[in-house]
Amino acid sequence: MEIKEYKYDVAFSFLNEDESLAQEMNSALKDKTKTFLYSKRQDKIAGTDGEETFNKVFGEEARVVVVLYRQGWGNSPWTRIEETSIKNRALVEGYEFTLFIPLDEPPTVPNYLPKTYIWFGIHKYGIQVALSVIESKIQSEGGKIKIETPEDIAKRIKEDEIFNQKRLAFLHSEKGVEAFRLEAKKLFELIKNQRELIKKDLGDFPIGFEEKNQGCFVSSYGYTLMFYWQYNYRNSLETSGLRLTLQIPNRYDDPPTIINEHRFNFDIVPPEQIVWVFESNRRKYFTSEGLVNFSFGILLKQIEKENKDKRLKNYL
């Protein structure tokens, strides 16, 4: 029997808002086995047809496909391609090559997926156990996991130290401050584009956008999503950041009612990727694209919840 060779032992599929988790998993596995993570492999994708590349990776080149699943996966442009590739491959091979890890609470999964290929334990057991499950899956599908030596660990520690030195120098420089300003402007443009996409698809959906200096506002059904960025020094990002709030404007001069608030710091993560890091949880971060999805989710889910509550009240 011929043993099939794969370009990658594991490929990760995920929504933008779960990129920090995918990055953490990939970082833990990349020195032990061959991995594919979109943001980590942009050098391989640049200059190629993205759809063709993703079809190959998820349809034939990856021994195991790990899906960090939450509602909305399969609807974004990239995950739609990935889901189609996975389904097409499963028609021939079955779903043995997949491992779905639900992230929603309570967990949700695609209704077409056999329960055998779902691992529900990430919230209960944590990322380290999840990594062990992924490693076992790779081995059960014929892949190999390299045993780390003390030299491997020492090398990784040294690489982390060197990266952090470069990172701190960048964040405390005029170049870092300028990058922060440009990324904030890019974020506002992405927010505006998302609002226009909603208006294009649902012309009668009431959603407004306004930009003022260092802030922008998205309003819908009596709620306002506010973004505001600030910095205090020309050559350092100390005390700088981005504030995101979901609020209800009040009449007269009363301050708005804050429903939800998050604060983010501008930062970079390997391999020199610009991100917005949660101030309350330094291990969690978004790219600007991921932050747009996260923030619009806050607004639209609040509106959805209020509409459901009104319907339930009418039933009583």
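Our subject is the structure listed above.
Worth saying up front: this structure is predicted, and the values here are computed from it rather than measured.

How should unusual backbone geometry be read in this particular structure?
Across residues other than glycine, the phi torsion is negative in most instances, and most of the peptide bonds are trans. Here the residue pair E105 and P106 is connected by a cis peptide bond, since its omega of 0° sits within 30 degrees of zero. Of note in this structure, N213 is not a glycine but carries a positive phi near 50°.

What's the story with helix 7 (residues 150-171) in this structure? I'm lost.
Since the α-helix packs 3.6 residues into each turn, any two residues three or four apart lie on the same face. The first and last C-alpha atoms of helix 7 sit 32 Å apart over 22 residues, in line with the 32 Å expected at 1.5 Å per residue. Every buried residue of helix 7 is listed here: F163, R167, F170 and L171. With its buried residues spanning 80° around the axis, helix 7 presents them on a single face. Facing away from the buried side of helix 7, by more than 90 degrees, are the exposed residues P150, E151 and Q165. The inward-facing, buried residues of helix 7 contact helix 8 (174-201) and strand 9 (257-269).

I would appreciate a short explanation of the packing of aromatic side chains in the present structure.
Centre distance and the angle of the planes are the two values used to describe a pair of aromatic rings. Summed over all chains, the structure comprises 23 aromatic pairs. Taking the centre distance of 5.7 Å and the plane angle of 85° together, the rings of W73 and F100 count as edge-to-face. Of this pair, W73 sits in the loop between strand 3 (62-69) and helix 4 (77-93) while F100 sits in strand 4 (residues 98-102); the two residues are 27 residues apart in sequence, bridging distant segments of the chain. Just as W73 is buried, F100 falls in that class too. Plain terms: the ring middles of F180 and Y231 are 6.4 Å apart, the flat faces sit at 90° to each other, and that makes the pair edge-to-face.

What exactly am I supposed to notice about the environment of N164 here?
Take N164: it is sitting in helix 7. Since its relative accessible area comes to 33%, N164 is described here as partly exposed. Residues N164 and L242 lie 78 residues apart in sequence; the distance between their C-alpha atoms is 22 Å.

Looking at this model, I keep getting lost on the pattern of salt bridges. Mind explaining?
When the charged atoms of two side chains with opposite charge come close together, those side chains can pair. In this structure the tally under the stated criterion is 20 salt bridges. The partner of R70 in a salt bridge is E17, with the nearest N and O atoms 3.6 Å apart. Note that R70 is positioned in the loop between strand 3 and helix 4 and E17 in the loop between strand 1 (8-14) and helix 1 (19-29), a separation of 53 residues in sequence. Accessibility expressed as a relative area gives 17% for R70, which makes it buried. Its salt-bridge partner being K186, residue E183 comes within 3.8 Å of it at the nearest N-O pair. Taken together, the positions of E183 and K186, both in helix 8 and three residues apart, correspond to about one turn of that helix. Residue K186 is classed as partly exposed on the basis of its relative accessible area of 36%. Here the residues in one salt-bridge network are E17, D18, R70 and D104, joined through shared partners.

What exactly am I supposed to notice about the sheet that holds strand 8 (residues 241-248) here?
One key point about sheets: their strands pair by backbone hydrogen bonds, in either a parallel or an antiparallel sense. Taken in spatial order, the seven strands of this open sheet run 5-6-7-8-9-10-11, and their pairing is antiparallel. The sheet terminates laterally at strand 5 (208-212) and strand 11 (285-286), the two strands that pair on one side only. Bridge count for strand 10 (residues 273-278) against strand 11 is two bridges, and the pairing is antiparallel. Residue pairing for strand 11: W276 is matched across the bridge by F286. Contacts between helix 8 and the sheet are confined to strand 5, strand 6 (215-220), strand 7 (223-230), strand 8, strand 9 and strand 10, with strand 7 contributing the most and set at about 165° to the helix.

Whenever I open this one, the pairing of strand 8 confuses me. Can you help?
The side chains of a regular strand alternate, residue by residue, between the two faces of the sheet. For strand 8, the buried fraction is high: six of the eight residues fall into the buried class. As judged from the seven bridges shared by strand 7 and strand 8, these two strands associate in the antiparallel manner. By the bridge assignment, Y228 is partnered in strand 8 with R243. Two elements, strand 8 and strand 9, share seven bridges in a ladder whose sense is antiparallel. Looking at strand 9, one finds that L246 is bridged to N260.

Parameters and conventions
- Residues numbered from 1 in each chain as written.
- Predicted model: local features only at pLDDT ≥ 70, side-chain atom pairs only at ≥ 80, totals over all residues.
- Heavy atoms only, no water.
- Helix = DSSP H or I, 4+ residues; strand = E, 2+ residues; numbered from the N terminus.
- Expected span 1.5 Å × (residues − 1).
- Buried < 20%, exposed > 50% of the residue type's maximum accessible area, 1.4 Å probe, protein only.
- Arc of directions from axis to C-beta.
- Contact = heavy atoms within 4.5 Å.
- Phe/Tyr/Trp six-rings, centres within 6.5 Å; stacked < 30°, edge-to-face > 60°.
- Salt bridge = Lys/Arg side-chain N within 4 Å of Asp/Glu carboxyl O.
- Pairing = 2+ DSSP bridges.
- Axes fitted to C-alpha atoms, helices over the stretch in contact; angles between N-to-C directions.

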